[in-house]
Amino acid sequence: MLSLHEIEILLQRWPRHLQEIVLELRNLIAAVAPDASEVLRWGGLSYFHEGRGGIVSAGICQIEIRDEHVRLAFIHGAFLPDPCHLLDGNQKSKRFIRITSYDDAPWDDLKELILPASKFDPRLTPSK
């Protein structure tokens, strides 16, 4: 995990309500995928399994901070089970969920998306 100082620098320009969402997502990801590597990339936080490959090939998820919301994005989201139909997006594989409010975030459902993402290996899945 990154140091608290690095996270504070990332979050300092964002409103408090978005900071709270990011911090809770970090906690959730750490609980579900404790062996994940966390890096600063593309203006947000990226999580991946270092032993399986790089940020994209072994990607678990990304926390992207936008002006009005936080996105939890899954580079291989098109291949993940989504029983609550939370994922949005029309790229080849990447899907995301917008989180605008800490209180309204579906935390348990997000955990159920992160878990299979942490186990997903694109080398074992035919492309769509």
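What comes next is a walk through the structure. Keep in mind the model is a prediction, meaning the values are calculated, not measured.

## Quick look at the packing of aromatic side chains
Scanning the entire structure with this criterion turns up two aromatic pairs. Ring geometry for Phe-79 versus Phe-120: centroids 5.6 Å apart, planes at 15°, classification stacked. Residue Phe-79 is found in the loop between strand S4 (70–74) and strand S5 (95–99), and its partner Phe-120 is found in the segment after helix H3 (107–119); the two are separated by 41 residues along the sequence. The lysine or arginine in question, Arg-13, covers the ring of Trp-14, its NZ or CZ lying 4.2 Å from the ring centre.

## Details of the sheet that holds strand S3 (residues 59–65)
The five strands are arranged S1-S2-S3-S4-S5 in an open sheet whose pairing can be described as antiparallel. On the outer flanks of this sheet lie strand S1 (37–41) and S5, each paired with one strand and no other. Between one strand axis and the next, the sheet turns through 20° on average, direction left out of account. Relative to strand S2 (residues 44–48), S1 runs antiparallel, the two being bridged by five bridges. Looking at the pairing, Val-39 lines up with Ser-46 of S2. On top of the sheet, helix H2 (residues 16–32) reaches S1, S2, S3, S4 and S5; it is set at about 170° to S3, its chief contact. Together, S3, S4 and S5 form the strand contacts of H3, whose direction differs from that of S4 by roughly 35°.

## Some remarks on the pattern of salt bridges
Taken as a whole and judged by the stated rule, the model has five salt bridges. The partner of Asp-88 in a salt bridge is Arg-98, and the shortest N-O contact between them spans 3.0 Å. Taken together, the residues Asp-88 in the loop between S4 and S5 and Arg-98 in strand S5 connect sequence positions 10 residues apart. The exposure class of Asp-88 is partly exposed, given its relative accessible area of 37%. Residues joined by salt bridges that share partners form a network here, namely Glu-64, Arg-66 and Lys-94.

## Looking at unusual backbone geometry
For Trp-42, which is not a glycine, the phi torsion comes out positive at approximately 55°. Residue placement: Trp-42 occurs in the loop between S1 and S2.

## Observations concerning the nonpolar core
Grouped together as the largest cluster of nonpolar side chains are 34 residues, with contacts concentrated most on Leu-25, Ile-63, Leu-72, Phe-74 and Leu-110. Sorting the residues of this core by element identifies helix H1 (4–11), H2, S2, S3, S4, S5 and H3 as the ones contributing at least two each. With seven residues, H2 is the largest single contributor of residues to this core. If near-sequence neighbours (up to four positions away) are discounted, Phe-74 is found in contact with Ile-60, Cys-61, Leu-80, Leu-87, Ser-93, Lys-94, Arg-95, Leu-113, Ile-114 and Ala-117.

Rules behind the numbers
- Residues numbered from 1 in each chain as written.
- Predicted model: local features only at pLDDT ≥ 70, side-chain atom pairs only at ≥ 80, totals over all residues.
- Heavy atoms only, no water.
- Phe/Tyr/Trp six-rings, centres within 6.5 Å; stacked < 30°, edge-to-face > 60°.
- Helix = DSSP H or I, 4+ residues; strand = E, 2+ residues; numbered from the N terminus.
- Lys NZ or Arg CZ within 6 Å of the ring centre and 35° of its normal.
- Pairing = 2+ DSSP bridges.
- Axes fitted to C-alpha atoms, helices over the stretch in contact; angles between N-to-C directions.
- Contact = heavy atoms within 4.5 Å.
- Salt bridge = Lys/Arg side-chain N within 4 Å of Asp/Glu carboxyl O.
- Buried < 20%, exposed > 50% of the residue type's maximum accessible area, 1.4 Å probe, protein only.
- Core = buried A, V, L, I, M, F, W, Y, C linked by side-chain atoms within 4.5 Å.

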